[in-house]
Amino acid sequence: MKIERIELHHISQQLVHPFRTSFGTQIERSCILVAVYSEGLIGWGEAVASTDPGYSYETVTTSWHILNDYLVPACIGLDITTPQDATHHFKKVRGHQMAKASLENAIWDLLAKAEGVPLSQKLGGVRDRVEVGVSIGIQPTLQALLDRIDSFVDLGYRRIKMKIEPGWEVEPISAVRARYPAIKLMGDANSAFTLDDVAIFQKLDEYDLLMVEQPLYYDDIYEHSKLQAQIKTAVCLDESIHAPQDARSAIELQACRIINMKVARVGGLTNAIKIHDMSLEAGLEMWCGGMLETGVGRATNVHLATMPNFTLPGDISASARYYAEDIAEPIFELNQEDSTLSVPSGPGIGVEVLMDRVEKVRVRHQVFDKSS
Ligand code: OSB
Ligand code: MG
């Protein structure tokens, strides 16, 4: 298929509830929607970098720059039969995995649509519902935390992730565990601790957590291996895994027992599949992380999570947990009886982007075609 046209839509939407992590509070959520046109079809992908470089060095501005000046010009006019025919040209750019992923994932969607199959089928997915949980930000008080968790448990969520940071760890986790003795519970530190804090994690061993996510430095693998050796709870790596090479290091150093797979963080679905297969072979468990995506990125995640080694519930909550009005339809709703989302069965990612909604929240737009 010839890539005839690519459009970038930078949009900005209000979250229904502020989201506080150890690296900051988000209330306004920006992203770039990437649309790839060929033979009357449109493939969609989402660049998930935030406004600020708090989670990653990438921002919505750097993603725009890398897409606009390098990745999109390298793709326009290409004749492709596989996503790699396009991503091969991304090698000229180091890093910027979120920018790369948005365009690569749009191409996967386009090719799946051309074949008339759901993206999950192209990925070798094995389920039509994926288990999900909810990620809960740091709250002003313990009572506010318990109230917020109650509201999500009432909605049917059966796995709770709490954001933690120094001073907000043992006490809130013990309070939630006391209230919900059997719920699947975990903490995500977003790199807020150091190896000097081992005693805190040894204390957390008492609360039967599914895992602790990214406790240490955001690019570290080695020190996580030192921590994992001293605690019973499984360490899960998020920020530190950017590529299959990082997963290899983590496996060989026994730095974690679980990987949070964010397709955006690893540069797209091709790398996601490689890391999936490496983890399966090494006996590491895996789950699908989230970046507060719109319906486009959420749909990609739901398809990805159908792959066999996604053995733990993902951070892919229902659309209404994030946005009052989403830019794609149908929105994702929680199946309350089993805390799952259903995988769309149509071609590609299986959701339709609502252009009138996109235009309403759009702050920047760029069109590239063969002649430009
Ligand atoms: O660390 O997993 C994270 C959101 C933005 C940036 C980083 C993270 C998160 C989440 C929310 O935890 C996941 C979601 O519900 O999309
Ligand atoms: Mg995380």
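Preceding this paragraph is the structure being described.
Residues numbered from 1 in each chain as written. Chains lettered and ligands numbered in written order. Predicted model: local features only at pLDDT ≥ 70, side-chain atom pairs only at ≥ 80, totals over all residues. Heavy atoms only, no water.

## Topic: the overall build of the protein chain
- Each helix and strand counted, the protein chain has twelve helices and 15 strands in total.
- Relative to a compact globule of 372 residues, whose C-alpha radius of gyration would be 21 Å, the protein chain shows 20 Å and is just as compact.
- Judged by the C-alpha coordinates and their principal axes, the protein chain covers about 60 × 40 × 35 Å.
- When the 372 residues of the protein chain are sorted by exposure, 62% land in the buried category.
- Residue pairs in contact within the protein chain that sit at least 24 positions apart in sequence constitute 73% of those at least 6 positions apart.
- Roughly 14500 Å² of accessible area belongs to the protein chain as shown, and the carbon and sulfur atoms make up 50% of that amount. (Helix = DSSP H or I, 4+ residues; strand = E, 2+ residues; numbered from the N terminus. Rg over C-alpha atoms; globule rule 2.2 N^0.38 Å. Buried < 20%, exposed > 50% of the residue type's maximum accessible area, 1.4 Å probe, protein only. Contact = heavy atoms within 4.5 Å. Areas by Shrake-Rupley, 256 points an atom, 1.4 Å probe, with all protein chains shown as cover.)

## Considerations on unusual backbone geometry
- A cis amide bond links Glu329 with the next residue in sequence, Pro330, at an omega value of -5°.
- Along the chain, the position of Pro330 falls in the loop between strand S12 (328–329) and strand S13 (340–342).
- Residue Asp208 is not a glycine yet carries a positive backbone phi of 50°.

## A word on the packing of helix H9 (residues 244–253) against helix H10 (residues 269–282)
- It is at 9 Å that the axes of H9 and H10 come closest, and there the two elements cross at 15°. With respect to H10, the element H9 is oriented roughly parallel. In this structure, the crossing between H9 and H10 has a hand that is right-handed. Contacts between H9 and H10 involve Pro244, Ala247, Arg248 and Ile251 on the former and, on the latter, Asn271, Lys274, Ile275, Met278 and Ala282.
- Looking at the contact of H9 with H10 residue by residue, the classes come out as six nonpolar, one polar and two charged. (Axes fitted to C-alpha atoms, helices over the stretch in contact; angles between N-to-C directions. Parallel < 35°, antiparallel > 145°, perpendicular 65-115°, else oblique. Left-handed = near helix turned anticlockwise from the far one by under 90°. Nonpolar A, V, L, I, M, F, W, Y, C, P; charged D, E, K, R; others polar.)

## Examining the coordination of the magnesium ion (ligand 2)
- Looking at the metal site, the magnesium ion (ligand 2) is ligated by Asp188 (OD), Glu213 (OE) and Asp238 (OD), spaced 2.1 to 2.3 Å from it.
- Every donor residue of the magnesium ion (ligand 2) comes from the same chain, spaced as D-x24-E-x24-D. Separated by 25 residues along the polypeptide, Asp188 in strand S7 (residues 184–188) and Glu213 in strand S8 (residues 212–213) bring together distant segments of the chain.
- Among the residues examined, Asp188 registers a relative accessible area of 0% and is labelled buried. (Donors = N, O, S within 2.8 Å, 3.2 Å for Na, K, Ca; no water.)

## Description of the nonpolar core
- Judged by nonpolar contacts, the single largest core of 79 residues is most densely connected at Leu204 and Leu304.
- Per-domain counts for this core show at least three residues from each of domain 1 (5–116 + 354–369) and domain 2 (121–342).
- Judged by nonpolar contacts, the second largest core, of 28 residues, contains Met1, Trp64, Leu67 and Val72. (Core = buried A, V, L, I, M, F, W, Y, C linked by side-chain atoms within 4.5 Å. Domains from an automatic or database assignment.)

## Thoughts on the state of the cysteines
- In total, this model carries zero disulfides according to the counting rule given.
- Looking at Cys256, it has no disulfide partner, and the nearest cysteine sulfur is the one in Cys236, 7.0 Å off.
- Judged by relative accessible area, Cys256 falls into the buried class, the value being 4%. (Disulfide = S-S within 2.5 Å.)

## Considering empty space enclosed by the protein
- Tallied over the entire structure, the rule returns two cavities of 30 Å³ or more.
- The calculated volume of the largest cavity comes to roughly 240 Å³.
- Forming the walls of the largest cavity are 22 residues, and the residues nearest its centre are Phe19, Lys163, Gly290, Met291 and Leu292.
- Those elements that provide at least two residues to the lining of the largest cavity are strand S1 (5–21), strand S2 (24–38) and strand S6 (159–163). (1 Å grid on protein atoms, 1.4 Å probe; cavity = no way out; pocket = protein on both sides within 12 Å on 5 of 7 lines; lining within 4 Å. Points joined across faces, edges and corners; volume = space filled by probe spheres on them.)

## A few points about the packing of helix H1 (residues 60–75) against helix H3 (residues 97–115)
- Interaxial distance between H1 and H3 falls to 9 Å at its minimum, and their mutual angle equals 45°. With respect to H3, the element H1 is oriented oblique. Considering the relative orientation of H1 and H3, their crossing is right-handed. Together, Ser63, Ile66, Leu67, Leu71, Val72 and Cys75 of H1 and Ala99, Lys100, Ser102, Leu103 and Ile107 of H3 make up the contact between the two elements.
- Its residues placed into classes, the contact of H1 with H3 shows eight nonpolar, two polar and one charged.

From the geometry alone we can't say anything about function, so treat these as descriptive.
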